[in-house]
Amino acid sequence: MSALSFSQLPLPASLLACLTSLEYHQMTAVQAQSLPAILDGKDVIAQAKTGSGKTAAFALGLLAKLDVKRFRIQSLILCPTRELAEQVAAETRKLARHIHNIKVLTLCGGVPTRSQIVSLEHGAHIIVGTPGRVLDHLQQQRLDLTHLTTLVLDEADRMLEMGFADTLNAILADIPSARQTLLFSATFDHAVRQIAAGIMQTPVTITVESGHSQTSIEQYFYQLDGLSRADAVNLLLHQFRPVSTVVFCNTKRETQQLADTLQHQGISVIALHGDLEQREREHALLKFSNNSVSVLVATDVAARGLDIDKLDLVINYQLAHDVATHIHRIGRTGRAGHSGIACSLLSPDDGHKLSALASELGDEITAEPLPAHTALGQKLAEPAMQTLQIDGGKKHKLRPGDIVGALTAGQQLTFADIGKIQVLDTVAFVAVSRKQAKLALALLNEGKMKGKKYRVWRL
Ligand code: ADP
Ligand code: MG
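Trainee: Tell me about the environment of alanine 48, and please be specific about residues and values.
Mentor: Among the structural elements, alanine 48 can be located in the loop between β1 (44–47) and α3 (54–65). Overall, alanine 48 belongs to the buried group, its relative accessible area being 1%. Residues alanine 48 and leucine 168, 120 residues apart in the sequence, show an inter-C-alpha distance of 22 Å. In this structure alanine 48 touches Val30, Lys54, Ser185, Ala186 and Val208, once residues within four positions along its chain are discounted.

Trainee: I'd like a description of the packing of helix α2 (residues 29–39) against α3, backed by residues and values.
Mentor: Relative to each other, α2 and α3 sit at 20 degrees, their axes nearing to 9 Å. One element, α2, and the other, α3, form an angle in the roughly parallel class. Relative to α3, α2 is oriented so that their crossing is right-handed. Along its contact with α2, which presents Val30, Gln31, Ser34, Leu35, Ile38 and Leu39, the element α3 presents Lys54, Ala56, Ala57, Leu60, Gly61 and Ala64. In the contact of α2 with α3, the residues fall into 8 nonpolar, 3 polar and 1 charged.

Trainee: Pulling in residues and values, what's your account of the packing of helix α10 (residues 229–240) against helix α11 (residues 252–264)?
Mentor: Here α10 crosses α11 at 55 degrees, and the two axes come no closer than 10 Å. Here α10 is positioned oblique relative to α11, judged by the angle of their axes. Every pair of crossing elements has a handedness; the one defined by α10 and α11 is right-handed. Along its contact with α10, which presents Ala230, Val233 and Asn234, the element α11 presents Leu258, Thr261 and Leu262. Partitioning the contact of α10 with α11 into residue classes produces 4 nonpolar, 2 polar and no charged.

Trainee: Tell me what's going on with the nonpolar core, and back it up with residues and numbers.
Mentor: In this structure, Ile390 and Val430 are the most contacted members of the largest nonpolar core, which totals 56 residues. Per-element accounting of this core gives the leading share, 5 residues, to helix α16 (residues 437–446). Looking at which domains feed residues into this core, each of domain 1 (6–207) and domain 3 (385–458) supplies at least three. Not counting the four nearest positions on each side in its chain, isoleucine 390 is found in contact with Leu398, Ile403, Thr426, Val427, Ala428, Val430, Leu444, Met449, Tyr454, Arg455 and Val456. Leu66, Ala89, Val128 and Val152 belong to the second largest nonpolar core, which has 42 residues in total.

Rules of the game
- Residues numbered from 1 in each chain as written.
- Chains lettered and ligands numbered in written order.
- Predicted model: local features only at pLDDT ≥ 70, side-chain atom pairs only at ≥ 80, totals over all residues.
- Heavy atoms only, no water.
- Helix = DSSP H or I, 4+ residues; strand = E, 2+ residues; numbered from the N terminus.
- Buried < 20%, exposed > 50% of the residue type's maximum accessible area, 1.4 Å probe, protein only.
- Contact = heavy atoms within 4.5 Å.
- Axes fitted to C-alpha atoms, helices over the stretch in contact; angles between N-to-C directions.
- Parallel < 35°, antiparallel > 145°, perpendicular 65-115°, else oblique.
- Left-handed = near helix turned anticlockwise from the far one by under 90°.
- Nonpolar A, V, L, I, M, F, W, Y, C, P; charged D, E, K, R; others polar.
- Core = buried A, V, L, I, M, F, W, Y, C linked by side-chain atoms within 4.5 Å.
- Domains from an automatic or database assignment.

Here is the structure:
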């Protein structure tokens, strides 16, 4: 029996037999790390990359403790989209195939409510659904979750990204608090940590790093050799061809000037500093974090609210005033197992700062010449997404699901074309793939949401 064999777990014989017939011979890393705690009844937060077998980890957990004879809803699994919910339901049914008379029901948006009501009247053990539709049924008292023992949030990061935070909180307020809660996510940013803190009881947290476990940041220090700083930034963008970059400046004025210059050079860029109005700052963060803008030029103070999981490149337009700020700046790249690059543009009088940094890093710092200008010949890629603004929000009872529904109803767009969704009080924002932005704009402007027309435009 290997260390990764399922048979060492306290699983019912029927499930072990099923795993053998499915040819699941060994646990994956996330299963090996999370299943002992899950089967022990603990709340578990698990972070692991896509395709690592998270579904089986929670499905085995809830199937192991399910009482089939008790025909009540005992588990609720929430997923961000209908496609994902259907995949999870399929995998759960597959793992449950040796358990007789078990009923797994999906409740997703985009499907007529009527048929779901009939299915609910027939009863189920496990519900797999999207937050909006589950809340609808719950509020209409068609869904009895009073016997719930396990709640699973699958792809929690994606659910929050799609703007489901309020919907999740409304569901959570309405279900038994004495339950086991399992939270699965590919990333683990501030928003995920925050929701976890509110709904879980002394959770066991496990993280399965992808590939090499250390986050790696490559640092480069460049001499300007007579080039202007703005041109040096332009050159580095062409050299490294990052998807997302933050350039740190030491002053607000420098920040705005650099953003203006880069914009002039045809780069997708936005400025973030304290002289902007609150709304301008919010729009800048929104567009950068949903991949509608490639480069963010920011001061240290303004960038504090920035919580981005995948940043390919950090450029220090000037070296930071102190070592701690430098480390904080460059630590924004190379997160969550991704590799990152940090470039610093040096000034002739940076000698002091450099030796302080070198002793902190425990390494010598060698300044190098900027890369050759040949890279400038190639055009930079446009950002993947574009942000659309909708003149309706929570006050109009708009929900993320309504926006997703309006975009995907005609099947011209798929979930893959839709990025971050934010529904605020009177406005909402949705990121759509740039290639489909025109179509998305037409669909939203011509279609109705909650029976009403809204004005939509590119932000
Ligand atoms: P995730 O949710 O982490 O993205 P999934 O749960 O969708 O990943 O699993 C990815 C694939 O791996 C699925 O096709 C699943 O059937 C398969 N799988 C899961 N666990 C095992 C295992 N222990 N052995 C073999 N295949 C597995
Ligand atoms: Mg999954």
